[in-house]
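Observations on the model geometry
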Amino acid sequence: MTGPALTIALLLRTSPLIETCRQWLPGNRYTPVDLGLNRETTDLRQVLEGQREAVDAVVIEQSLLTPEVRQSLLEAGLLFPAVVVGEVMGHVDYHPEEVHLPVDQLEQLGYNVDAAISRFLRHGQREDRPSGGTAVDVEGGAAVEASAWRLTSRLQERLGYLGVFYKRDPSRFLAHLAADDQAELLKSLQRTYRDLLLSYFRDPAAANQALESFVNTAFFADLPITRAVEIHMNLIDDFWKQLRLEGHKNDFLQDYRLALLDVMAHLCEMYRRSIPPDLSLSASVASQPAGASAVTDQELSS
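Residues numbered from 1 in each chain as written. Predicted model: local features only at pLDDT ≥ 70, side-chain atom pairs only at ≥ 80, totals over all residues. Heavy atoms only, no water.

This paragraph deals with the pairing of strand β4 (residues 82-85). Burial of β4 is two-sided: the residues A82 and V84 facing one way and the residues V83 and V85 facing the other way are all buried. As judged from the four bridges shared by strand β3 (residues 57-61) and β4, these two strands associate in the parallel manner. By the bridge assignment for β4, V59 is matched with V83. With helix α3 (residues 67-75) bridging β3 and the parallel β4, this β-α-β connection has right-handed handedness. (Buried < 20%, exposed > 50% of the residue type's maximum accessible area, 1.4 Å probe, protein only. Helix = DSSP H or I, 4+ residues; strand = E, 2+ residues; numbered from the N terminus. Pairing = 2+ DSSP bridges. Right-handed = clockwise from strand over helix to strand, strands pointing away.)

Listed below in structure tokens is the structure:
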């Protein structure tokens, strides 16, 4: 998909992290803006306030989002599609439509920015009402509602009503990436899936955030279903070998098939929702992409 560059505010403190995020935000689609935070910066609200009308989404360091900072941002109506960079812990750091990405999985950053914008827009559409709008259901009052509503409208004007969810960018599909980029993305997805398995029974909330990250990237990268199954099988095989070497039982590993089924169910739901309601089923089936049944850019632009 070709489209307007999205302005992504980087609310990060360390230079290496900023450079890594820049690396994984392609310049033909994103314009990353470093807001110049440092160790002495304490007023995040003031920093972000000056970019209110320019920012389309934010990449924000989890450690910055203390309860006081979060409340301050909400009271000022500073609500944006957000990728929270940090440990996946299963709780909301900024607002319910945020997505989470650990530092060691930033290869998926661009896909997760699109996912964050998509979630923000879809929530706004669900809550659409004739005389105004409640864009995101968070505490914060009228200022939050009005600001989120304006941002949702602005994003829809720039990206089209269907936004990024229905119009995936084929140039970023796994099959269209260079070999090195394909390998890096697959390794990153393996790390995400490993996080999902490790927390699946122990911490369902954290597992859900890891699952969302994996599914978001798989959807926007058009990951073939067979690749997702391969990632699952390889990790289970690694666990099986490790447990066997350590003399532990490994029969319980078969229970992790539930995790794979969960991923498949979420992916199917995303592909189902990726078909606009006014598009005929026959038209969508006739032009399925390689990985699943999502519609193509050409169909939507015709």
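Still more to cover.
Right, let's get into the nonpolar core. The tendency in soluble globular proteins is for nonpolar side chains to be buried as a group. Of all hydrophobic cores here, the largest spans 47 residues; its most connected members are I8, V58, V59, L109 and V113. When residues in this core are grouped by element, the largest group, six residues, is from helix α4 (residues 109-126). Not counting chain neighbours up to four residues away, the residues in contact with V113 comprise I8, L25, Y30, A57, V59 and V83. Counting residues in each nonpolar core, the second largest holds 36 residues, with L185, L197, A218 and I231 among its members. (Core = buried A, V, L, I, M, F, W, Y, C linked by side-chain atoms within 4.5 Å. Contact = heavy atoms within 4.5 Å.)

Within the secondary structure, E49 is located in helix α2 (residues 44-49). E49 gets classed as partly exposed once you look at its relative accessible area, which sits at 33%. Taking C-alpha positions, E49 is 8.2 Å from A76, a pair spaced 27 residues apart along the chain. Not counting chain neighbours up to four residues away, the residues in contact with E49 comprise A76 and L78.

Space inside the largest pocket adds up to approximately 220 Å³. Around the largest pocket, the lining comprises 14 residues; the ones closest to its centre are W24, P26, E107, Y111 and L177. Mapped by element, the contributors of at least two residues to the lining of the largest pocket are α4 and α6 (179-199). With three residues, α4 is the largest single contributor of residues to the lining of the largest pocket. (1 Å grid on protein atoms, 1.4 Å probe; cavity = no way out; pocket = protein on both sides within 12 Å on 5 of 7 lines; lining within 4 Å. Points joined across faces, edges and corners; volume = space filled by probe spheres on them.)

Turning next to the sheet that holds β4. In spatial order, the strands read β2-β1-β3-β4-β5; together these five strands make up an open sheet with parallel pairing. Strands at the two margins of the open sheet, each flanked by one partner only, are β2 (30-34) and β5 (99-101). The mean inter-strand angle of the sheet, taken between neighbouring strand axes irrespective of direction, is 25°. The pairing of β4 with β5 spans three bridges and is parallel. Within the sheet, the bridge partner assigned to V84 lies in β5 and is H100. (Axes fitted to C-alpha atoms, helices over the stretch in contact; angles between N-to-C directions.)

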